[in-house]
Structures are given as C-alpha cells and as structure tokens.
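Notes for the structure review
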Amino acid sequence: MIVEEFVHVVLDEVDHKVLKPSKISTREDEQNIIMQKLDCCPEKQPIDSSKQPVEILQQDELPKEWKIPRNLSVENIIGQIKEDVSTHSSISNFCMHTAFVSQVEPKSIEEALKDEKWVDAMHEELNQFARNDVWFLVPKTDEMNIIGSKWVFRNKLDEAGVITRNKARLVVKGYNQEEGIDYGETYAPVARLEVVWLLLAFSCMSGFKLFQMDVKSAFLNGFINEEVYVEQPPGFEYHQHPNHVFKLKKALYGLKQAPRQWYERLSNFLLSHGYERWMINKTIFIKKANSEIILVQIYVDDIIFGATKDSLCEDFVVAMQGEFEMSMMAELSFFLGLQVKQSKDGIFLCQSKYCKEILKKFEMESCKEARTPMPSSFYIDADAADKGVDRTKYRGLIDSLLYLTTSRSDIMFFVCICARYQANLKESHFKAAKRILKYLKGTTNVGL
C-alpha cells in the first residue's frame, strides 16, 4: 500500500541521473517514479535494459493472483513478473543450516577446538559415552596394551547436498590391537545390495511403504568380552588424572570387533521379540502375525523396515526406542547413496547426488555433455602403442561408475567394457571412461 509520507521520502531520495523526473502533477506520475526508484534499489537486482531483454506483459497476461492498482501501468514493471515472489521464508532452510553448523571440516583437533560448533559436537559425542556407560577411568600399568584414539570430523549432508549437522567421532586406533589379547572373532554379516533390491521389489509388489531409522552411535551399544584399554580423548584429558586410561565396557568405533558386537546385540534383541533370522541372508529379520508380515533389513547402524499392517511398524518402533537411542526415523528416502521416492504408482530410484559427487571428484563438472555413453563408431582394445596413465585414478573412476550402475543400467555395458583394461590401461581407455562422465553430466536425474 502506497502512503503519502512514503511518497515524499522516496521523491526526496530520487537520483535525477537515473529517473530524470519532470514536474510531478498527478498521482500516476508519482507512482511511476516510486516503481522506478524501487527497481533501482540493490535489493531488487536492477536489470540493465541495454544488455538484457525486458519482457513487457499485457494486462490479460498477468497471473490471476496479481492485483493491479487502478492507476499503475503494467509497462512500468521491469523484470520477469511471471516468476515467483522472493520472501524471507524462501531462504529459511539455508539460514537455519548456515547459522548453526560449521561449513568447514577441521583437519586437526587444534583447529576444531577453535570452533564453537565443533566443540559442541565433541561434547555431544562424549555425553553419548556417558549415557551408554561405555568406559571408566583406571590407573595405567606397564602390563596394559594401551590403544590410542583420535577425533574424526565430518559434515553430514542430506540428499540435496546441504550440510545438516557437524559430526565429531572419537575413533580408536584399532590397528594397534593384538589378536587373542584385544580381540577374537571379528566377522559380522553385511547386507548385499541385491538384498536391498529384493526388499524394495517386495514392498512395491505388496503395496506397503518402507521406513528407515538410524541408531545413534550404534557401536557404543555392543558389549565386549576382552580387556581393552584406551587413551584419554585428545583435548579432553582429566587434569586430576592425566596418566590414567579408560577401560572399555562396550565397543568403540575403530575396534576390530565393534561391528560383530553390535550385530550380536541387535540380533539378540530382535530374536527375543519374536523375529526370525532369514536363512538366505542373516541381515533380514522377519516376524509374522496371522496373515500379516513385517520385514527388517539391517545395514550396520541403518535399519529399513516395512509391514503389511501399520500396527506392526508401530510396535517395532516402540520396542527399538525403548532399547536404543534413535537419531532419525522417517519414510525411506535416502539409503546407501540411493535416492528413493515411494508413491502409489511404484518406487523411483536414482543416484543424482552420487552422480554429481563423481563429476566433482574427477573435475568434470563443467565438461560438455554427450548424448550417448559411447560414440557408435568408437572401438576400444588393448592399444599397446598408446601411452599409459595413472592406474589409481582410473580404477577409482571405474569403481565409482560400477556402483552408479545400481540405478543406471543404461551405462552398465560401457562401464564393463572400460573395466576390462585396468591392468595395463592406456590414455584411450581413460578417454573412453571420461566420455561416460560427459554422458552423465546431462542425465544426472535419470533413474529407475
């Protein structure tokens, strides 16, 4: 709404070089100058009409929600009026993340201690140790095999690549463990990607949705049977007992037996609640109630579950929350690099986020797009006459592309051809692999 006081203030501030006003005699002239003044403000992002075309809309071309003042001419509006209006709420998510999380991952404990956000993240990790009763302080002796520890700092991203939180993890140096003293059996079953595919197909066929949950600091819930001693966390030593060490009650990240102990704790909990371990794959647990069924898929600390009846899912969630601390629980949308979209018509899978990460990793973000993964006239062979290239970089590219074929069967054939020449690769082979990246540049959102 235009008020008279605002009109006079704007008119006093008008730059004559920009507006060149003549004698103001009508209200329409005043409104025209005000609109020009507002368009000249930096916040409105002025458009240089000499460089960019200006779209002038007629009265009947305006969106229905726009209300045109009686004395305001549409020809005075500069810019794309069809575009959405920018508001404060449109950048609320960005402000929320940037204000409360750090954008930089520290390389050392000294850098982390200078940032308040990372100090809070380390305190959160140590508080998690206290809640789970992970360790207790004991005097150090010469007979102990002391294992060192270090901090690992990572920025957690969502499927859109936005930093959601800062995660500080205290990891022990498991490579200093001695077999028979610090650890025994270490094997723990891990879900194969084919099993995840099978679960997605079964849920789509049966018509029920899948959900996911994440156990907070999962490895801290596994009990250990050996005597393990760990140094005090760097930067958080006890001043009263600087020479003491921690004796572990439960597993820590980095211990060789940590995955096994966590799997045993979780599997025993599910078996005690009436679930049965699938004979073909030990990471799937099944529970039947009359004609209804619930499936639980375990991948380390990530859990996928779904049921033909909602009450079974609700009972499972209540049981898990009563035993473990959960950090995330929602409808399945992002799992192991797979972006999942569930709907009534089926399930859509894509790896657009992972695809963009590959392009960034191999410096192909600004490359030209290709319409096909390989040209029709292209031929690839051993090519012994060509010069060699870096094997490590090429093999890393092939590994990344092979995982991308999880949802991109259109590049499967060409990736397998390039994978044949990893032992004695040449520049022509690397050129062929880069052609696949150029094709991915223009098809990042393609999926199944």
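Structure: above.
First things first, this report covers the structure right here in the doc.

Each value, and the rule that gives it
- Each chain carries its own residue numbering, running from 1 in the direction its sequence is written.
- Only residues with pLDDT of 70 or above have their local features reported here, since the model is predicted, and side-chain atom pairs are shown and tallied only from 80 upward, although totals for entire chains, interfaces and linings are computed over all residues.
- Only hydrogens and water are removed before side-chain values are computed, so all heavy atoms of the structure are retained for them.
- The rule is simple: put a 1 Å grid over the protein atoms alone, call a set of points where a 1.4 Å probe fits but cannot get out a cavity, call an open set with protein on both sides within 12 Å along at least five of seven lines a pocket, and count a residue as lining if it has an atom within 4 Å of a point.
- Grid points are joined across faces, edges and corners, and a volume is the space filled by probe spheres set on the points.
- Comment: elements are numbered from the N terminus, with helices defined as DSSP H or I runs of at least four residues and strands as E runs of at least two.
- Salt bridges are identified by distance alone: a Lys or Arg side-chain nitrogen within 4 Å of an Asp or Glu carboxyl oxygen.
- Three labels apply to residues, based on accessible area from a 1.4 Å probe with only protein chains included: buried if under 20% of the type maximum, exposed if over 50%, partly exposed otherwise in between.
- Here, strands pair whenever DSSP counts at least two bridges between them.
- Throughout, a contact is declared for two residues whenever any of their heavy atoms are within 4.5 Å.
- To define axes, lines are fitted to C-alpha atoms, for helices over the stretch in contact only, and angles between the resulting N-to-C directions are given on a 0 to 180 degree scale.
- Residues grouped as a nonpolar core are buried Ala, Val, Leu, Ile, Met, Phe, Trp, Tyr and Cys residues, joined through side-chain atoms within 4.5 Å.
- By convention, a stacked pair of Phe, Tyr or Trp rings (six-membered ring in the case of Trp) has centres within 6.5 Å and planes under 30 degrees apart, an edge-to-face pair has planes over 60 apart, and any other such pair is tilted.
- Think of a polar contact as two N or O atoms within 3.5 Å of one another; within protein, one of them needs to be a possible hydrogen donor and the other a possible acceptor, and neighboring residues in sequence only count if both atoms come from side chains.

Scanning all chains against the criterion turns up 2 cavities of 30 Å³ or more. Considered as a void within the structure, the largest cavity measures approximately 70 Å³ in volume. Lining the largest cavity are Ala-121, Glu-124, Glu-125, Gln-128, Arg-165, Asn-166, Lys-167, Ala-168, Lys-216 and Ser-217. Where the lining of the largest cavity is concerned, the elements lending two or more residues are α6 (116-132) and β4 (163-172).

In this section: the pattern of salt bridges. The final tally for this structure, using the stated rule, is 12 salt bridges. Glu-194 is the salt-bridge partner of Arg-192, the closest N and O atoms lying 3.4 Å from each other. Take Arg-192: its relative accessible area is 53%, and that puts it in the exposed class. Salt bridges sharing common partners tie together Glu-125, Lys-167 and Arg-169.

Pairing within the open sheet is antiparallel, and its 3 strands lie in the order β13-β14-β15. Whereas interior strands pair on both sides, the edge strands pair on one side only; in this sheet they are β13 (334-335) and β15 (346-350). Sheet analysis places strand β14 (residues 338-343) next to β15, joined by 5 bridges and oriented antiparallel. What sits directly across from Gln-339, in β15, is Cys-350. Those strands touched by helix α7 (residues 193-206) are β13 and β15, and its axis lies near 150° from that of β15.

What follows covers the nonpolar core. In this structure, Phe-316 and Met-320 are the most contacted members of the largest nonpolar core, which totals 53 residues. Contacts of Phe-316, omitting those with residues within four sequence positions, involve Met-213, Leu-270, Tyr-275, Ile-294, Val-296, Ile-303 and Phe-305. With 27 residues, the next largest nonpolar core counts Tyr-354, Cys-355, Leu-404 and Ala-433 among its residues.

Below, the discussion takes up the sheet that holds strand β5 (residues 211-215). If you trace the 6 strands from one edge of the open sheet to the other, you get β8-β9-β10-β11-β5-β12, paired in antiparallel fashion. Both outer strands of the open sheet, β8 (276-277) and β12 (326-331), are each paired with one neighbouring strand and no more. The strands touched by helix α9 (residues 310-323) are β5, β9 (284-289), β10 (292-299), β11 (302-307) and β12; relative to β11, the strand with the most contacts, the crossing angle is about 150°.

To continue, consider the packing of aromatic side chains. All told, the structure shown has 16 aromatic pairs when counted by the stated rule. With a centroid separation of 4.9 Å and an interplanar angle of 55°, the aromatic rings of Phe-305 and Phe-316 are classed as tilted. Pair noted here: Phe-305 is in strand β11 and Phe-316 is in helix α9, with a separation of 11 residues, a long-range link. The buried category is assigned to Phe-316, whose relative accessible area is 2%. With a centroid separation of 6.0 Å and 50° between ring planes, the pair formed by Tyr-394 and Phe-430 is classed as tilted. Residue Tyr-394 is located in helix α11 (residues 391-404), and its partner Phe-430 is located in helix α13 (residues 427-441); the two are separated by 36 residues in the primary sequence. With respect to class, Tyr-394 is no different from Phe-430; both count as buried.

Glancing now at the environment of Asn-445. Mapping Asn-445 onto the fold places it in the segment after α13. Along the chain, Asn-445 and Lys-353 lie 92 residues apart, while their C-alpha atoms are 8.8 Å from each other. Ignoring anything within four residues of it in the chain, the contact list for Asn-445 reads Phe-348 and Ser-352.

A few words now on the side chain of Asn-155. Within the secondary structure layout, Asn-155 lies in strand β3 (residues 149-157). Within the structure, the side chain of Asn-155 is placed 2.6 Å from the side chain of Asn-166, a separation counted as a polar contact. Look past the residues within four positions of Asn-155 in its chain and what remains in contact with it is Ser-102, Gln-103, Val-104, Glu-105, Trp-118, Ile-163, Arg-165 and Asn-166.

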